[in-house]
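# Secondary and tertiary structure notes
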Amino acid sequence: MSMKITVALCAVAVVIGVQNPAGAGDNSFVGSNKCKLCHSGQHKSWKATKMANAFDLLKPGSRAEARKKAKLDPDKDYTSDTTCLPCHVTGYGKPGGFKSIEQTPELAGVGCESCHGAASAYLAEDKMSNKNKEYKAADLAAAGLTKPTKQTCLQCHNNKSPFVGKDYVFDFEKRKAQGTHEHKPLKYNHE
């Protein structure tokens, strides 16, 4: 199901049409620590990435030189700036998504669900859980689990960011090859 969503990139808001990245129905976000329970290798690898720590970039003094170059106040606290949050947290503006660091600290940063969709439905006991280790990928997809696409990444990685020039082009294939986390084989076949 496609929909129009507003994606605000730091200081610029852009309206683009995309597949529903939060998955189907009324899924809500649960946080990457829920994923860690079964995908510890991926979680550990992801935790060391810039994406996992994207919220910290909004704090006062972070990347001061880059902020100055982009004509942004290096001492400003952007952690509640609605133009930056969609690309620095998980699920901002969506059901169960990031509200504030006080209310939803588990959704600070670009977490698993930013790329794979809101997890409440596909982490149900009859889907992906320790009680159902023989789940099928098709059942998870029907419940909202998504595979990241170029369009998923382009919601934030585009030339609307004040940190890149207007000629910036996101190289999806190159970035995909570099990876956002290490992919570990799963114990069970889930086809």
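As shown above, the structure is provided for reference.
Let me sum up the structure you'll find in this document.

### A word on the nonpolar core
The nonpolar side chains of soluble globular proteins are, as a tendency, buried together. Among the nonpolar cores identified, the biggest contains 12 residues, and these are F29, F55, L58, A70, L72, Y78, C84, L85, V89, F98, L107 and A118. In this structure, A119, Y122, Y135 and L140 belong to the second largest nonpolar core, which totals 6 residues.

### Section: helix α2 (residues 40-47)
Regarding α2, the residues found buried are Q42, H43 and W46. In an axial view of α2, the angular spread of the buried residues amounts to 100°, which keeps them on one side of the axis. On its buried face, α2 sits against α1 (32-36).

### Details of the packing of aromatic side chains
Scanning the entire structure with this criterion turns up 1 aromatic pair. Seen from their ring centres, F55 and F98 are 5.7 Å apart, and the 50° between their planes marks the pair as tilted. Separated by 43 residues along the polypeptide, F55 in the loop between α2 and α3 (64-69) and F98 in the loop between α3 and α4 (112-116) bring together distant segments of the chain. Neither F55 nor F98 differs from the other in exposure class; each is buried. Over the face of the ring belonging to F163 we find R63, whose NZ or CZ atom lies 4.8 Å from the ring centre.

Reading guide: rules and limits
Residues numbered from 1 in each chain as written. Predicted model: local features only at pLDDT ≥ 70, side-chain atom pairs only at ≥ 80, totals over all residues. Heavy atoms only, no water. Core = buried A, V, L, I, M, F, W, Y, C linked by side-chain atoms within 4.5 Å. Buried < 20%, exposed > 50% of the residue type's maximum accessible area, 1.4 Å probe, protein only. Helix = DSSP H or I, 4+ residues; strand = E, 2+ residues; numbered from the N terminus. Arc of directions from axis to C-beta. Contact = heavy atoms within 4.5 Å. Phe/Tyr/Trp six-rings, centres within 6.5 Å; stacked < 30°, edge-to-face > 60°. Lys NZ or Arg CZ within 6 Å of the ring centre and 35° of its normal.

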